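Here are the chains, one letter per residue:
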Amino acid sequence: MNVVLLGPPGAGKGTQASQLVKQHGFVAVSSGDMLRAAVREATTLGQEAQAYMVQGQLVPDTIIIGIILEHLATLDAHKSILFDGFPRTQEQAEALHDAGVVIDKVIEIRVDDEKIISRMAGRLFHPASGRTYHVEANPPQVSGKDDITGEPLTVREDDRPETVKKRLTVYHQQTQPVIDFYRVYQEVSPIQYCVIDGAEPIDRVAAAVAAIVAE
Ligand code: AP5
């Protein structure tokens, strides 16, 4: 079963993805994590992507589609894939479809912009693993330290309020067509499109996601 998690920056896609990987055996494909790894390793791709990411803009389709399709070709074909952050333009959704990747469920985690802006101010991040915390909603066991490695947590460069606002604008302009794409597509295919309230506490969102996956 292949699942797409959709939602604005900070909706909780990564948080829910890590639970689904642990509890349901999905392989996560996170375009954001892949790009941040390339930035950390200072690859050519990373240097090119960073210029877009720090400004809250999407990395061009011509770059990201190839990376994701190449990565998919390396995965065990029998594993269920969880897409986190991809597709986020109509071109990306069409590319997935044209490559023969069957999507069974699309879960849209909906949170309004105001809540996102205040939520992002509390996000803490472990760069090496991508593990994410929140000072109030999901604090680390030791303040400022990663639960697994004990390494210091940081704030993501693109979580500054002005960049978050830009990312929200980009989401509404460029990812809304993906929502429309899947909503229309479900009328002619067995794909299931579900919306859940991402403003609920993390465990309640997780229960809602798990129920959809188990259906
Ligand atoms: P990416 O990393 O994909 O960022 P995003 O989609 O903007 O999502 P985030 O990772 O910011 O948030 P999330 O929804 O995963 O929320 P999280 O679980 O962390 O992309 C980054 C950049 O890379 C993009 O801007 C773009 O430049 C580029 N990029 C990536 N993919 C691309 C693509 N396909 N095409 C082109 N460019 C691409 O939660 C957020 C915080 O809230 C955490 O602190 C968490 O603990 C907390 N939290 C989570 N759930 C709850 C809850 N229910 N209640 C309270 N707090 C909660």
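See the structure above.
Residues numbered from 1 in each chain as written. Predicted model: local features only at pLDDT ≥ 70, side-chain atom pairs only at ≥ 80, totals over all residues. Heavy atoms only, no water.

A. Quick peek at the overall build of the protein chain. Looking only at helices and strands, one finds 8 helices and 7 strands in the protein chain. Taking 215 residues into account, the globule formula puts the C-alpha radius of gyration at 17 Å, and the protein chain, at 17 Å, falls close to it. Overall, the protein chain is about 50 × 40 × 35 Å in size when its C-alpha atoms are taken along their principal axes. Sorting the 215 residues of the protein chain into buried and exposed places 44% on the buried side. Taking as baseline every contact in the protein chain between residues at least 6 positions apart, the subset at least 24 positions apart corresponds to 71%. Total accessible area computed for the protein chain in this model is approximately 11,000 Å², and 53% of it derives from carbon and sulfur atoms. A gap of 5 Å separates the mean positions of the 20 positive and 29 negative side-chain charges of the protein chain. (Helix = DSSP H or I, 4+ residues; strand = E, 2+ residues; numbered from the N terminus. Rg over C-alpha atoms; globule rule 2.2 N^0.38 Å. Buried < 20%, exposed > 50% of the residue type's maximum accessible area, 1.4 Å probe, protein only. Contact = heavy atoms within 4.5 Å. Areas by Shrake-Rupley, 256 points an atom, 1.4 Å probe, with all protein chains shown as cover. Lys, Arg positive; Asp, Glu negative; His and termini not counted. Charge placed at Lys NZ, Arg CZ, Asp CG, Glu CD.)

B. A look at the site of the ligand. If you check the shell around the ligand, you find 37 residues, and the closest are Thr15, Gln57, Arg123, Tyr133 and Arg167. At a separation of 2.7 Å, a nitrogen atom of the ligand approaches a polar side-chain atom of serine 31. Arginine 88 places a side-chain nitrogen or oxygen 2.9 Å from an oxygen atom of the ligand. In isolation the ligand offers 1,000 Å² of accessible surface; the protein chains occlude 96% of this area. (Near = heavy atom within 4 Å. Polar contact = N/O pair within 3.5 Å; in protein donor to acceptor, adjacent residues only side chain to side chain.)

C. Here's a closer look at the sheet that holds strand S2 (residues 27–30). Here we have 5 strands laid out as an open sheet, ordered S2-S3-S1-S4-S7, and parallel in their pairing. The sheet is open, and its two edges are formed by S2 and strand S7 (192–197), each paired on a single side. Each strand of the sheet is rotated relative to its neighbour by a mean of 20 degrees, with strand direction disregarded. As paired elements, strand S1 (residues 3–6) and strand S4 (residues 105–110) share 4 bridges and run parallel to each other. Following the sheet pairing, leucine 6 is matched in S4 by glutamate 108. In the packing of helix H2 (residues 31–40) onto the sheet, contacts are made with S2 and strand S3 (81–84), and the angle to S2 comes to roughly 65 degrees. (Pairing = 2+ DSSP bridges. Axes fitted to C-alpha atoms, helices over the stretch in contact; angles between N-to-C directions.)

D. Spatial organisation of the nonpolar core. Among the nonpolar cores identified, the biggest contains 29 residues, and Leu6, Leu72, Phe83, Leu96, Ile103, Val106 and Tyr182 are the most heavily contacted of them. Among the secondary structure elements, those contributing two or more residues to this core are S1, helix H3 (44–53), helix H4 (61–73), S3, helix H5 (90–98) and helix H7 (161–185). Per element, the largest residue contribution to this core is 6 residues, and it comes from H4. (Core = buried A, V, L, I, M, F, W, Y, C linked by side-chain atoms within 4.5 Å.)

E. Representation of the packing of aromatic side chains in the model. Summed over all chains, the structure comprises 2 aromatic pairs. An angle of 80 degrees between the planes, with centres 5.2 Å apart, marks the rings of phenylalanine 181 and tyrosine 182 as edge-to-face. Residue classification places phenylalanine 181 among the buried residues on the basis of a relative accessible area of 17%. Assessed through its relative accessible area of 2%, tyrosine 182 is described here as buried. Each ring, one from phenylalanine 181 and one from tyrosine 185, has its centre 5.9 Å from the other, and the planes form 20 degrees; the classification is stacked. Within this pair, phenylalanine 181 and its partner tyrosine 185 are both found in helix H7, separated by 4 residues, close to a single helical turn. Taken together, the ring pairs connect Phe181, Tyr182 and Tyr185 into an aromatic cluster. Between the NZ or CZ atom of arginine 156 and the centre of the ring of phenylalanine 125, over which it lies, the distance is 5.9 Å. (Phe/Tyr/Trp six-rings, centres within 6.5 Å; stacked < 30°, edge-to-face > 60°. Lys NZ or Arg CZ within 6 Å of the ring centre and 35° of its normal.)

Just geometry here; none of it tells us what the structure is for.
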